[in-house]
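# An overview of the molecular structure
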Amino acid sequence: FLTMDKIPNSLFHLKDYVRRIQNIATTNNKSIEELALNFVAQNDNIDKIVIGVTSLNEFQKNINVSQGKHIDQKVYNQLSSLRLDNENLILPMNWK
């Protein structure tokens, strides 16, 4: 995941969301990868997950953090509350 200083200015509005996710991860002793993958895996509206990786190491890390792990309901609800509807921010094809 990108560090805050690597997030481009065009996505500046996402920084607050990233900070909040980092805080949830730290508070619950989880990595952001673990929260992200398990959040979508536990969502009943999602039946397949497609992830992009840049290395075999990254792929293996994603497999390790997602196998048989769950986030508790409190954490799931915290992440659910971070709803973002701005398509310019959530759809990579719109990023400049």
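Details of the structure are given in the entry above.
Residues numbered from 1 in each chain as written. Predicted model: local features only at pLDDT ≥ 70, side-chain atom pairs only at ≥ 80, totals over all residues. Heavy atoms only, no water.

## Comments concerning the nonpolar core
- Judged by nonpolar contacts, I24, A25, L35, F39, I71, V75, Y76, L79 and L82 together constitute the single largest core of 9 residues.
- Of all the elements in the fold, those that place two or more residues in this core are helix 1 (15–27), helix 2 (32–41) and helix 4 (73–80).
- A per-element tally of this core places helix 4 first, with 3 residues.
- Those residues in contact with F39, other than ones at most four positions away along the chain, are I71, Y76, L79 and S80. (Core = buried A, V, L, I, M, F, W, Y, C linked by side-chain atoms within 4.5 Å. Buried < 20%, exposed > 50% of the residue type's maximum accessible area, 1.4 Å probe, protein only. Helix = DSSP H or I, 4+ residues; strand = E, 2+ residues; numbered from the N terminus. Contact = heavy atoms within 4.5 Å.)

## Thoughts on a nonpolar patch on the surface
- On the surface, I46, I49, I51, V53, L56, F59 and I63 cluster together into a nonpolar patch covering about 550 Å² of accessible area.
- Along the chain, the position of I46 falls in the loop between helix 2 and helix 3 (56–66).
- Relative accessible area serves as the criterion here: at 33%, I46 is assigned to the partly exposed category. (Patch = residues over 30% accessible without salt bridge, like charges linked within 9 Å, V, L, I, M, F, W, Y side chains within 5 Å. Areas by Shrake-Rupley, 256 points an atom, 1.4 Å probe, with all protein chains shown as cover. Salt bridge = Lys/Arg side-chain N within 4 Å of Asp/Glu carboxyl O.)

Read these as layout, nothing more, since geometry by itself doesn't imply function.
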